Amino acid sequence: MQIRGTGILITGASRGLGQALANELAALGGRVVLVARTLDDVHEAANAILARSRQAFALAYDVADKDSTHKIAAQAQALAGPIDIVIHCASTLGPLPLVPLLQTQCEDFQKALETNVLGPFRLTKALAGSMELRKTGLVAFISSDAAVDAYPSWGAYGASKAAADHMARTFANELQHTRVLVIDPGEMDTKMHSDAMPDADTSKLANPISVARKITTLITGKDNIQSGSRLTLHAGSV
Amino acid sequence: MKPATSPREDPRADRLLVISRTDERTTETTIAHFAEAFRKGDLLVVNDAATLPASFRTPFGELRLLEAPVDGTARAVLFDEADWHTPTEAREAPRLFPTGSSFLLNRTMPVEVTDVSSISPRLITLRFVTTREALWNFIFEFGEPVQYSYLKARLRLWDIETPFATRPWAVEMPCAGRTLVSTVQAQLQEHGVNLATLTHGAGLSATGDEAIDQALPLSERYEIPESTVRAIAETKNRGSRVVAIGTTVTRALEGAALLGPLHAGRGVTDYKLGPASDLRIVDGILTGVHELGTSHYELMRAFASSEILDRAVQVAEASGFLTHEFGDSFLLI
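What counts and how
Residue positions are counted from 1 within each chain, in the order its sequence is given. The order in which chains are written sets their letters, starting at A; the order in which ligands are written sets their numbers, starting at 1. Per-residue local features of the predicted model are confined to residues with pLDDT of at least 70, and side-chain atom pairs are confined, for both listing and counting, to 80 or more; whole-chain, interface and lining totals are unaffected and use all residues. Excluding hydrogens and water, the side-chain values take into account all heavy atoms of the structure. By nonpolar core we mean a set of buried residues, namely Ala, Val, Leu, Ile, Met, Phe, Trp, Tyr and Cys, connected to one another through side-chain atoms within 4.5 Å. The cut-offs for exposure are 20% and 50% of the maximum accessible area for each residue type, with area from a 1.4 Å probe on protein chains only; residues under the lower value are buried, those over the upper are exposed, and the others partly exposed. Counting from the N terminus, the helices are DSSP H or I runs at least four residues long and the strands are E runs at least two residues long. By definition, residues are in contact when any of their heavy atoms lie within 4.5 Å. Buried area counts how much accessible surface, traced with a 1.4 Å probe, disappears from two parts once they are put together, with both parts' losses summed. By definition, a salt bridge exists where a carboxyl oxygen of Asp or Glu is found within 4 Å of a side-chain nitrogen of Lys or Arg. In protein, a polar contact requires one atom able to donate a hydrogen and another able to accept it; more generally it is a pair of N or O atoms within 3.5 Å, and residues adjacent in sequence count only if both atoms are side-chain atoms. Each residue gets one label: Ala, Val, Leu, Ile, Met, Phe, Trp, Tyr, Cys and Pro are nonpolar, Asp, Glu, Lys and Arg are charged, and the others, such as Gly, are polar. Working rule for helices: expected span equals 1.5 Å times residues minus one. This arc corresponds to the set of directions leading from the helix axis out to the C-beta atoms. Criterion used throughout: strands pair if DSSP finds at least two bridges between them. All axes are obtained by fitting lines to C-alpha atoms, using only the stretch in contact for helices, and the reported angles, taken between N-to-C directions, cover 0 to 180 degrees. When an angle is under 35 degrees it counts as roughly parallel; over 145 it counts as roughly antiparallel; between 65 and 115 it counts as roughly perpendicular; any other value is oblique. With the far helix as reference, a near helix turned anticlockwise by less than a right angle produces a left-handed crossing, and one turned clockwise produces a right-handed crossing.

Engineer: In this structure, what is going on with the nonpolar core? I would like to understand it.
Structural biologist: Note that soluble globular proteins tend to have their nonpolar side chains buried in a common cluster. If you look at the biggest cluster of nonpolar residues, it comprises 75 residues, and the most contacted ones within it are Leu 9 of chain A together with Leu 63, Leu 65, Leu 105 and Leu 126 of chain B. When residues of this core are assigned to their parent elements, the largest contribution, seven residues, is made by helix H3 (residues 68-80) of chain A. Leu 63 of chain B has contacts with Ala 54, Ser 55, Phe 56, Thr 58, Ala 76, Val 77, Leu 78, Phe 103, Leu 105, Ile 124 and Leu 126 of chain B, leaving out every residue within four places of it along the chain. One finds Ile 19, Val 45, Ala 257 and Val 282 of chain B within the second-largest nonpolar core, a separate group that totals 41 residues.

Engineer: Any chance you could explain the interface of chain A and chain B here in plain terms?
Structural biologist: By a frequent convention, interface size equals the accessible area lost on bringing the separate parts together. The partner chain B presents 21 residues to the 26 residues of chain A that form the contact. Each partner contributes to the roughly 2100 Å² buried at the junction of chain A and chain B, and carbon and sulfur atoms together form 59% of this total. Contact with chain B buries area across many residues of chain A, yet His 70, Leu 79 and Leu 133 of chain A alone supply 30% of it, more than any other trio. One salt bridge in this structure joins Glu 141 of chain B and Lys 71 of chain A, with 3.4 Å as the shortest N-O distance. Where chain A packs against chain B, one counts 10 residue pairs in polar contact (both at pLDDT 80 or more). Every element with two or more residues in the side of chain A that touches chain B is listed here: strand S3 (56-60), H3 and helix H4 (106-134) of chain A. Among the elements that take part in the side of chain A that touches chain B, H3 of chain A stands out by supplying eight residues, more than any other. Residues belonging to the side of chain A that touches chain B are distributed by class as follows: 10 nonpolar, nine polar and seven charged.

Engineer: Quick question: what am I supposed to make of helix H7 (residues 208-220) of chain A here?
Structural biologist: Residues and elements named next belong to chain A. The end-to-end C-alpha distance of H7, which contains 13 residues, comes to 18 Å, matching closely the 18 Å that a straight helix rising 1.5 Å per residue would cover. Of the residues making up H7, those classed as buried are Pro 208, Val 211, Ala 212, Ile 215, Thr 216, Leu 218 and Ile 219. The buried residues of H7 occupy an angular sector of 160 degrees when projected down its axis, which confines them to one face. Residues of H7 that are buried in the fold lie against helix H1 (16-27), strand S5 (138-142), strand S6 (179-184) and strand S7 (230-232). One side-chain oxygen of the residue at the start of H7 lies 2.8 Å from the amide nitrogen of Ile 209, identifying that residue as Asn 207.

Engineer: Just checking my understanding: could you explain unusual backbone geometry for this structure?
Structural biologist: Most peptide bonds adopt trans geometry, and most residues besides glycine take a negative phi value. Cis rather than trans, the peptide bond between Leu 96 of chain A and Pro 97 of chain A has omega equal to -5 degrees. Relative to the assigned elements, Pro 97 of chain A resides in the loop between strand S4 (83-88) and H4. Positive phi is not limited to glycine here, since Ser 153 of chain A has a value of about 75 degrees. Mapped onto the secondary structure, Ser 153 of chain A falls in the loop between S5 and helix H5 (155-174). Accessibility expressed as a relative area gives 24% for Ser 153 of chain A, which makes it partly exposed. One non-glycine residue, His 324 of chain B, lies in the positive phi region at around 70 degrees.

Engineer: What is the right way to read the sheet that holds strand S6 (residues 61-65) of chain B from this model?
Structural biologist: The pairing of strands in a sheet comes from backbone hydrogen bonds and takes either a parallel or an antiparallel form. Residue and element names in this part refer to chain B. What the six strands build is an open sheet, ordered S5-S6-S7-S10-S9-S8; its pairing is antiparallel. Bordering the open sheet on either side are strand S5 (55-58) and strand S8 (102-105), each of which pairs with just one other strand. Going from strand to strand, the sheet's axes swing by 45 degrees on average, the running direction of each strand aside. Here S8 pairs with strand S9 (residues 109-116) via four bridges, running antiparallel.

Engineer: Looking at this structure, how should I read the packing of H4 of chain A against H5 of chain A?
Structural biologist: For any two helices packed against each other, the geometry comes down to the angle between their axes and how far apart the axes lie. Residue and element names in this part refer to chain A. Running from N to C, H4 and H5 point in directions that differ by 15 degrees, and their axes come no closer than 8 Å. Relative to H5, the element H4 is oriented roughly parallel. In the crossing of H4 with H5, the sense of the turn from one axis to the other is right-handed. Seen from H4, the contacting residues are Phe 109, Ala 112, Leu 113, Asn 116, Val 117, Pro 120, Phe 121 and Thr 124; seen from H5, they are Ala 156, Tyr 157, Ala 159, Ser 160, Ala 163, Ala 164, Met 167 and Phe 171. Residues that form the contact of H4 with H5 fall into these classes: 13 nonpolar, three polar and no charged.

Engineer: Help me understand the side chain of Glu 24 of chain A in this model?
Structural biologist: Within the secondary structure, Glu 24 of chain A sits in helix H1. Within polar-contact distance, the side chain of Glu 24 of chain A engages the side chain of Arg 213 of chain A at 3.2 Å.

Engineer: I keep staring at the packing of H1 of chain A against H7 of chain A and nothing clicks. Help me out?
Structural biologist: Residues and elements named next belong to chain A. Running from N to C, H1 and H7 point in directions that differ by 55 degrees, and their axes come no closer than 8 Å. Accordingly, the angle class assigned to the pair H1 and H7 is oblique. When the axes of H1 and H7 are compared, the crossing they make is right-handed. Contacts from Gly 16, Leu 17, Ala 20, Leu 21, Glu 24 and Leu 25 of H1 reach H7 at Pro 208, Ile 209, Val 211, Ala 212, Arg 213, Ile 215 and Thr 216. Residues of the contact of H1 with H7, tallied by class, amount to nine nonpolar, two polar and two charged.

If you want it as structure tokens, here you go:
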């Protein structure tokens with residue numbers, strides 16, 4: 001898959017894996033549209049890319065907001081042209097600190113579903129129809145082992161990620177020309193990780209920059225990974 | 001005939017009148033059976049432009065962009081201050097802005113009037129004093145979709161985007177494409193019917209200013225991809241048909257064909273099709289239901305005689321077909 005000159009939309013792009021992917025794909029010549037909630041953060045991330053003479057555009061929106069969907073899709077394509085790659089990194093843990101389900105506020109669970117499932121659903125709906133007709137495209141959903149293993153206190157997040165994985169696989173079965181991949185990036189040294197596990201030993205966590213490089217290699221690689229695949233990255237290997 | 005007063009959730013239930021271009025045969029069906037109207041090898045071309053919310057506020061009323069801005073410039077039409085329930089024809093003359101004047105759109109975006117059209121002083125050219133990113137953000141944060149007075153409720157962005165909307169070049173929805181949802185596309189594929197895209201900046205359909213309305217459509221830009229040029233050539237070579245999904249596709253393809261053999265790339269057209277038009281590319285058209293005497297009817301006359309069209313309109317009227325953007329459809333083939 002070609003990156004140079006390709007329109008790429010990344011949510012959750014102001015920090016962590018999203019930002020690392022934006023940097024990596026912009027370095028390869030992609031026309032990257034960064035989406036994140038906070039205006040200053042997303043502009044700062046885009047400006048850092050522009051300072052390296054690469055292409056980046058910043059959109060400050062919350063993917064959980066239904067009315068933002070077409071604002072994101074249309075502005076992204078006004079600025080970067082047709083979007084051929086979408087990477088859903090925007091993610092919320094739900095309750096913080098993490099608590100068992102019986103203690104989880106309903107609204108926190110709802111927030112996890114809105115951000116982690118419905119937001120990516122709506123954005124994919126707004127962007128993949130075009131990809132299908134143009135017979136090209138990739139939609140990647142960033143997942144987690146919490147989508148597979150039912151870790152105590154990870155209920156809202158885990159359930160939402162499991163739902164997103166299943167939705168992604170359904171998309172893969174429905175879409176003919178758009179490749180859909182689910183990627184579990186493994187545990188990374190990011191704010192999301194420290195929010196969830198403040199006492200973790202960060203030396204054991206992967207650097208999001210190297211994870212972003214691995215993901216980029218996978219999606220652009222010669223062995224065209226089949227649509228509907230779920231990839232799990234561990235430190236050092238796939 | 002009555003207009004459809006709200007967007008319809010499932011376009012498969014929309015009525016469809018298939019009208020033969022050559023004899024007076026019409027067939028009533030629904031969009032659910034759309035694919036059956038075609039033969040294997042036919043090509044449908046859609047307009048993949050997204051629609052931008054083109055209505056803004058001036059200090060004295062409304063302003064509608066005629067087109068998406070390019071290099072910070074766009075033509076626009078001034079309207080008076082009135083509720084969207086007021087039909088366009090009933091809107092009053094707005095207060096005007098002379099060349100060289102500046103004002104704020106939505107009390108936020110500074111614009112300069114760089115030209116006032118000789119067609120009408122309501123038709124102006126604006127220069128936006130800002131960056132490209134800030135301009136597009138302004139459009140989507142402050143713009144409202146162009147509304148239609150016959151609708152029950154305001155249109156939102158979700159209502160005005162086709163299933164494959166891409167770059168926001170249109171100011172009103174290229175609505176014929178609305179019917180091509182996933183299940184309809186799948187049926188077309190099963191029937192061996194191909195799909196291709198082009199992008200065309202659909203402009204305003206009406207302004208209530210007689211001089212501007214007579215001149216519409218004004219120049220509109222389009223872009224035809226290489227893959228679509230190839231698909232059209234292959235379709236023609238095997239004797240299959242090219243069907244335009246909507247008037248905007250028709251104008252783009254026939255407008256491009258006026259300049260010579262079809263080739264990929266960008267262009268601008270103000271081609272007004274009518275009974276004397278010689279169709280060079282398009283063999284059929286899917287379009288909304290329009291009554292006699294509208295400019296859409298004139299475009300349809302490029303495809304069929306007035307006898308055929310009048311009979312079709314009679315059939316549609318008798319069967320209670322709904323008109324306008326969210327209404328039923330005619331397929332002239």
